[in-house]
Amino acid sequence: MARSVSLAKSSEIPRKAYDLRTNMTSPLNQDPVVLQVEKDGPLAILTIDDPKTRNALSPALARQIVAACSDINADIGIKCAILTAAGSVFCAGGNLKDMYARTSHFAGNAAEIRRTYLTGVQTIARAIHDLEVPIIAAVNGAAMGAGMDFATMCTLRIASEKAKFAESFIKLGLTSAAGGAWFLTRAIGRQRAAELTLTGETIDAHLALELGLVLRVVAHENLIEEARALAARITCHPAHSIRLNTRLLRESAKLDLPSALEMAAAMQAIVQQTDDQYEAVAAAVEKRAPIYTGK
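Residues numbered from 1 in each chain as written. Predicted model: local features only at pLDDT ≥ 70, side-chain atom pairs only at ≥ 80, totals over all residues. Heavy atoms only, no water.

## Thoughts on the packing of aromatic side chains
Put simply, the rule reads: Any two of the Phe, Tyr and Trp rings considered here, Trp counted by its six-membered ring, make a pair once their centres fall within 6.5 Å; the pair's planes then place it as stacked at under 30 degrees, edge-to-face at over 60, or tilted in between. Note on exposure labels: buried denotes an accessible area under 20% of the residue type's maximum, exposed denotes more than 50%, and partly exposed covers the range between, all computed with a 1.4 Å probe on protein chains only. Two thresholds decide whether a charge sits over a ring: the Lys NZ or Arg CZ must be within 6 Å of the ring centre and within 35 degrees of the ring normal.
Throughout the structure, instances matching the rule amount to 1 aromatic pair. Taking 5.0 Å as the distance between ring centres and 75° as the angle between the ring planes, the aromatic pair formed by Trp 182 and Phe 183 counts as edge-to-face. Looking at Trp 182, the relative accessible area reads 36%, which means it is partly exposed. Residue classification places Phe 183 among the buried positions, given a relative accessible area of 9%. Over the aromatic face of Trp 182 sits the side chain of Arg 186, whose NZ or CZ is 3.7 Å from the ring centroid.

Structure follows, in structure tokens:
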């Protein structure tokens, strides 16, 4: 099916798949690859791919998401990212076998488990939250527990009509350790977040749209195409402006007005000194398409 919107200049840059184990230190280089990372021009696509666990949370997934986010932040050529999954499930959340066997995130005493979360699943929340570019969740199927939290960590969310969501920790006698209480409240408000958290009920994509959890619901077969199209509407703009606007939105949400205005002034001063900002103005005055260099 032909794409209705193509990525800016993506045809000029060969598509490349990255093995996150390359040039990494142990234990990352010993992990099975459960996150596929593809660079397509100014877009990075992160695909959770662990069919044996239905794309469940794992230490390997945490390490590889953190590594991918670090690589994206270091590459000014990347202007946007997409997080999606292979197969019919976005992310099944925690691994029930690990819960039952008291292994992985469920092994050890209270102090040890606390440390495991701080250095494990919570590193995903920090990495995605600190990502310098916007990230679009393309939710292809069930996003359960930590899987729902992963979606809410993203800047924007698009759901397949087959997607479903559940903040299901309470049904397993748990709380959200991945950051769901923080992200979900900001995504849909305190009352709706409390309802989903305290009932653990599953909602479909259309109710998620009604609640404001997702931006839109699309036909399943068009999900990635729609996510790419949204990314193209972002990546056509200057790289530094994208990154600083992304940070300004995130930081302003937790600042008082005077502090937010001070940060906005500082960031405006930075972008006004970039070549791309001058090129944007020149292109507008000269009535032509801008040519950005990332400088």
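The structure having been displayed, the exposition proceeds.
## Focus on the pattern of salt bridges
Applied cut-off: Should a side-chain nitrogen of Lys or Arg be within 4 Å of a carboxyl oxygen of Asp or Glu, the pair is scored as a salt bridge. Runs of E in the DSSP output that reach at least two residues are strands. Runs of H or I that reach at least four are helices, and both are numbered from the N terminus.
Following the criterion strictly, the structure yields 10 salt bridges and no others. When the shortest N-O distance is used, the salt bridge between Asp 75 and Lys 39 registers 3.0 Å. Pair noted here: Asp 75 is in the loop between helix 1 (59–74) and strand 4 (80–85) and Lys 39 is in strand 2 (residues 35–40), with a separation of 36 residues, a long-range link. Between Arg 243 and Glu 132 there is a salt bridge, and its shortest N-O distance comes to 2.8 Å. Note that Arg 243 is positioned in helix 10 (residues 239–252) and Glu 132 in the loop between helix 4 (121–129) and strand 6 (135–139), a separation of 111 residues in sequence. For Glu 132, a relative accessible area of 35% translates into the label partly exposed. Here the salt bridges do not stand alone but share partners, grouping Glu 38, Asp 40 and Arg 228 into one network.

## Examining unusual backbone geometry
Backbone geometry places Asn 55, a non-glycine residue, at a positive phi of 60°. Inspection of the secondary structure puts Asn 55 in the loop between strand 3 (43–48) and helix 1. The backbone of Lys 287 sits at a positive phi, close to 55°, despite the residue not being glycine. Here Lys 287 is to be found in the segment after helix 12 (275–286).

## Comments concerning the side chain of His 129
Our working rule: What makes two residues a contact is simply this: any of their non-hydrogen atoms within 4.5 Å.
Locating His 129 in the fold gives a position in helix 4. His 129 gets classed as buried once you look at its relative accessible area, which sits at 17%. Excluding residues that lie within four positions of it along the chain, His 129 makes contacts with Trp 182, Phe 183, Arg 250 and Lys 254.

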